[in-house]
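Understanding the architecture of this molecule
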Amino acid sequence: MQKNSVIKGFSKLNRDEKIRLLMEYLKPSDQVEINLNRYLHPTDQSLFDDISENTVSNYYLPFSLAPNFLVNDQMYIVPMVIEESSVVAAASKAASFWAKNGGFQVRVKDTIKNGQLFFQWNGPVSLLQEHSNQIENIIEKASSEATINMRARGGGITGFEIKPIDNMNNTYQLLVKFKTANSMGANFINTCLELISTPLMDFINTTPALNKFGQAEHIMSILSNYTPECVVECKVECSIEQLAPYSGTFSPQEFAKRFKTGVDIAINDPYRAVTHNKGIFNGIDAVVLATGNDFRAVEAGAQAFAARSGQYRSLTHCKIDENTFTYTLEVPLALGTVGGLTNIHPMVKNAFEILGNPGAEELMRIVAAAGMANNFGAVTSLVTTGIQKGHMKLHLGNILTALNATEEQKTKALAFFADQTVSYSAVQTFLEETKQKA
Ligand code: MEV
């Protein structure tokens, strides 16, 4: 097969044929095929193959445990899946500190999710709003069968609005509010919306007061990943003196002031805010991934939430009141503990068992605490020692592996760099010198 030619029917090939095609098409090193085969699961491969299309192997990431998370007086060992070396260590360290200082106090403010049904019609929105009662009946009737189970679990459709789309003529949305109990709810919401669209269009198109403005046309229906009403609030609080173990060479008072300044900068400067929030997502994404949730949905929704004032800002806030240090995080988290990967992927099932099989709200609380722990650790390092000290120490193992260090060299390097600045070139020089000495 010619390089750059169009590949036809790839999905219809079996795994061996796909790999053969890949090897012929790209002519990569033999190692590519060796690795694709090495990382196949000896017994459960069909399980993983079913999760996505065109599966030819598996992609491993570390599954780690961060202990000592005291969340609303309950202790958790939190599973985290992440590739960045310092994240689990930073989360565990911050969790241990807060476990001794009151823990994470977390409150789910609400769990409302949104679905959007878009349509075009030449009439005024006020006329549709005048028909709210009829539209409510249509929504209820069209979705009644699909919502039976969800209603039994305390969820279902909780409200709706009809609104014009900004800057577009004659384009509207039916914004439907949902509660989805322990599921993330994407399929449920999309199913309901699709059931509603035809009867809603039929209603507009057959009602004389409405169809005199012409026919309505359904454009699309989908859940919204913006969930500003599915929000969790996490708080840690202690006296300034209690911050002493974290304040390094600064006094606890100086540390608290520097920490607050660091956070205030992230509230007011978008360049810093993005990096600051990235530190929060180090923790959030790691638990979201471990529990098989949709990290793209969580990220998209929460990043938009960070910009809800019109400027992208920190998701956390710091307050120093007399002798009290208070740190808060507010973040939307649309999570599920049933459906999706939750009862398919064996490691996701493990993660839930390790967490004590929480419901969605409990998982929201744990995930928020993980985000806050990582952010607290990151800002602390930044305003005290600088990030590279701890970061590069933990990265040392990766550098040594990348440079093919032997076990003996690794042991020597760990001892040597205990009080030295770690950098790729410094490790390289160290290895060369130890080789020459040997
Ligand atoms: C690195 O993964 C995360 C940090 O950049 C977060 C921050 O700057 O607050 C350290």
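Please refer to the structure placed before this passage.
Now for a quick tour of the structure.

**As for the sheet that holds strand E9 (residues 316-321)**
Pairing in this open sheet of 4 strands is antiparallel, and the strands run E3-E8-E10-E9 from one edge to the other. Sheet topology places strand E3 (105-108) and E9 at the edges, where each strand pairs with a single neighbour. Along the sheet, successive strands turn relative to each other by an average axial angle of 15 degrees, direction set aside. Relative to strand E10 (residues 324-332), strand E8 (residues 231-239) is paired through 9 bridges, and the arrangement is antiparallel. Following the sheet pairing, Cys234 is matched in E10 by Leu329. Docked against the sheet, helix H12 (residues 295-306) engages E8 and E10, running at close to 125 degrees with respect to E10.

**Regarding the packing of aromatic side chains**
Summed over the entire model, instances satisfying the criterion amount to 20 aromatic pairs. Their ring planes at 35 degrees and their centres at 5.7 Å tell us that Phe119 and Tyr172 sit as a pair that is tilted. Separated by 53 residues along the polypeptide, Phe119 in strand E4 (residues 113-120) and Tyr172 in strand E6 (residues 171-179) bring together distant segments of the chain. Summarising the aromatic geometry, the rings of Tyr246 and Phe376 are spaced 4.9 Å apart at their centres and angled 55 degrees between planes, so their arrangement reads as tilted. Here Tyr246, found in the loop between E8 and helix H10 (252-268), pairs with Phe376, found in helix H14 (residues 360-383); they are 130 residues apart in sequence, far enough to count as distant. The cationic tip of Lys93 hangs over the ring face of Tyr246; the distance from NZ or CZ to the ring centre is 5.1 Å.

**Some words on the environment of Asp166**
Tracing the sequence through the fold places Asp166 in the loop between strand E5 (156-164) and E6. When its relative accessible area of 65% is taken as the criterion, Asp166 is described as exposed. Between the C-alpha atoms of Asp166 and Glu432, which are 266 residues apart in sequence, the distance is 63 Å.

**Quick word on unusual backbone geometry**
Located in the positive-phi region is Lys27, a residue other than glycine, with phi close to 45 degrees. As for its position among the elements, Lys27 is in the loop between helix H1 (15-26) and helix H2 (30-38). A relative accessible area of 63% means that Lys27 is categorised as exposed. Although it is not a glycine, Asn54 adopts a positive phi angle of roughly 55 degrees. The residue Asn54 is located in the loop between helix H3 (45-49) and strand E1 (63-71) in this model. Classification of Asn54 as partly exposed rests on a relative accessible area of 36%.

**Focus on the sheet that holds E5**
The 4 strands lie next to each other as E5-E6-E4-E7, forming an open sheet whose pairing is antiparallel. With one partner strand each, in any of the chains shown, E5 and strand E7 (217-224) form the two edges of the open sheet. Taken pair by pair, the neighbouring strands of this sheet meet at an average axis angle of 20 degrees, ignoring direction. The strands touched by helix H6 (residues 132-143) within the sheet are E5 and E6, with E5 carrying the most contacts at an inclination of about 135 degrees. Contacts from helix H8 (residues 186-206) reach E4, E5, E6 and E7, with the element oriented near 30 degrees to E4.

About the thresholds
- Residues numbered from 1 in each chain as written.
- Predicted model: local features only at pLDDT ≥ 70, side-chain atom pairs only at ≥ 80, totals over all residues.
- Heavy atoms only, no water.
- Pairing = 2+ DSSP bridges.
- Helix = DSSP H or I, 4+ residues; strand = E, 2+ residues; numbered from the N terminus.
- Axes fitted to C-alpha atoms, helices over the stretch in contact; angles between N-to-C directions.
- Contact = heavy atoms within 4.5 Å.
- Phe/Tyr/Trp six-rings, centres within 6.5 Å; stacked < 30°, edge-to-face > 60°.
- Lys NZ or Arg CZ within 6 Å of the ring centre and 35° of its normal.
- Buried < 20%, exposed > 50% of the residue type's maximum accessible area, 1.4 Å probe, protein only.

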